[in-house]
Structures are given as structure tokens and as C-alpha cells.
Amino acid sequence: MPRDNEKSLIQKIASQANITFKDFNASAIGDNKVLLDNWGDLITLLTEVRAADLKIAQTKPNGSHSDHNPPVTYMHICETESFSMGVFLLNSGASIPLHDHPGMNGMLKVLYGKVSIRCFDLLDKPSDRVQSETQFDPPLLPFQKDSLRRAVLRSTMWFTHDSSPCILTPQRENLHQIDTVDGPAAFLDILAPPYDPEDGRDCHYYKVLQTVADADRKVEAQQQWEEETWLLEIGQPDGFWCGGEPYPGPEVSF
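The protein chain carries the name 2-aminoethanethiol dioxygenase in an unreviewed UniProt entry, which gives Hucho hucho as its organism.

So, in C-alpha cells, the structure goes:
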């Protein structure tokens, strides 16, 4: 068996993720030094990883577009009951639409390129009175009202391979949209626990709604973006789909 210092970086990341998220209790992280230490060690390892560590070559920008080629592809690395890990590759101009990770933690580390990430928190479901008093532009159809959600935009940030990981928790910045900036991009993605529709962890998509008040309001300088907004839960957006391709990097095992 190889010594620990001979392990690949991605194996070290996977092993630390397994330690960090096994029996993980997100609500207790602030009160548990072991959890905090494990969490911090994982972030440190993720900050170091680069595309070359996973034997992933940077995709060259391609001006052509084909409906037969997926805008996003996924390389599966590993999955346990505690977490899943893989790499998303985004073509130039591609976007992963606004979506959620119910009851899940997430860590996203850019390997190459640049991405813009908008993160939202869902708020308590608005009352029927608040919904009825809010006018949307364009108006909502009757069947859409059950899919209406109230949220707050927490952050909009750019990330590159030199950036620290983007972090989400079940309570904070759990919804996000990922857009490429000035070319293709790739990122390593860890979700804990993995998606599992049978256990209530299914992916839902959303779009940001504009209200009549938003349309009429004059935009003021230095206006705070961390304000409440309306989201509508929708099906998977047209034009977005994710293909798959083999992971070429070092093997991960437990």
C-alpha cells in the first residue's frame, strides 16, 4: 500500500470529504471543533487542486454551436452514502440554470476558466395575502402560484482556479446559478449527501421573477442587492442538458 504522501491530491480530497461528511450534522458545525477542523482541512485541499491534478485539459473556445452537443458535461469520480464528487465542464457561453440542493452541503472549486455564481436563500413561503397583493410582469397564470417562492439574493461573485471554493450549506446560499465568463470553464463539485429523490433530495429549477414594482422603480446608485426577490419553480429549462464523459484522472478508492 502506498504511503499517505504518495496519494494523489484527488484521493486525499475524497478521503477528507468522506471523513468530513460521514455522520455530518450541519446544524452542529458551529459547536463542534472536530467538524470545524475537518471542514477546514477539506477546504484547504480543494484550494490547492488544479486541472492538471485530474489530467483534465482545458477546452479551447469554440465559436460553433450544435444542438447535438451538450452545453455541459459531467465526469463522475466517486460516490458514497455521504457524498458525491465529479467534474463539470461548461462550453463557452454555457450556464447551469438556477437550481437547489435540498438538505445538502456543496463545495465547488474552479479548475480552469472563470465562472459567475449567483447564490440565493429560500425564505419562508409567502402568505396568500402577500402573493395576492404582488403584481408580476408578466402576470402569473393561476397554476403557477403554487410554484411561487420568496428568496433573497446573497451574493454574485466571479471564481477562477486561483479562488477559494464556493461553499453552500442546507441553510445558506443553497440555490445557485453558474455562468461561464469569457470562455469555457470546469469545476470540481462535491455534494454531501448526494442527490437522492427517494430521500427528498431532488433537483428543482427556478427563474427570477420581476414584479411591477421592480419594473417601475428607479435604480439608485449603491443599491443593495441583498434584497428579497420572487422565484418561480420551473421544469428543466429548454436548451440545458448535461452529457457525460469518462474521468481521465487518478483513481479514487476507499
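Caption draft 1: Here's a closer look at the packing of helix 1 (residues 9-21) against helix 2 (residues 33-48). One way to put it is that helix 1 packs onto helix 2 with a least axis distance of 9 Å and a crossing angle of 160°. It follows from the interaxial angle that helix 1 and helix 2 lie roughly antiparallel. Crossing of helix 1 against helix 2: the hand is left-handed. On helix 2, the residues that touch Leu9, Lys12, Ile13, Gln16, Ala17, Ile19, Thr20 and Phe21 of helix 1 are Leu35, Asn38, Trp39, Asp41, Leu42, Leu45, Leu46 and Glu48. Grouping the constituent residues of the contact of helix 1 with helix 2 by class yields 10 nonpolar, three polar and three charged.

Caption draft 2: How the structure looks around the nonpolar core. Core analysis: the largest hydrophobic core is formed by 30 residues, its most contacted members being Ile13, Leu54, Ile77, Met85, Val87, Leu188 and Ile190. Counting only elements with at least two residues in this core, the list comes to helix 1, helix 2, strand 1 (72-79), strand 2 (84-90), strand 4 (105-112) and strand 9 (185-192). A total of six residues in this core trace back to one element, the largest contributor, which is helix 1. When neighbours within four sequence positions are excluded, Val87 is seen to be in contact with Leu54, Ile56, Thr73, Tyr74, Met75, Ile77, Leu111, Ala186, Phe187 and Leu188. Counting residues in hydrophobic clusters, the runner-up holds 17 residues, among them Val72, Ala94, Val115 and Phe159.

Reading the values: rules and limits
Residues numbered from 1 in each chain as written. Predicted model: local features only at pLDDT ≥ 70, side-chain atom pairs only at ≥ 80, totals over all residues. Heavy atoms only, no water. Axes fitted to C-alpha atoms, helices over the stretch in contact; angles between N-to-C directions. Helix = DSSP H or I, 4+ residues; strand = E, 2+ residues; numbered from the N terminus. Parallel < 35°, antiparallel > 145°, perpendicular 65-115°, else oblique. Left-handed = near helix turned anticlockwise from the far one by under 90°. Contact = heavy atoms within 4.5 Å. Nonpolar A, V, L, I, M, F, W, Y, C, P; charged D, E, K, R; others polar. Core = buried A, V, L, I, M, F, W, Y, C linked by side-chain atoms within 4.5 Å. Buried < 20%, exposed > 50% of the residue type's maximum accessible area, 1.4 Å probe, protein only.

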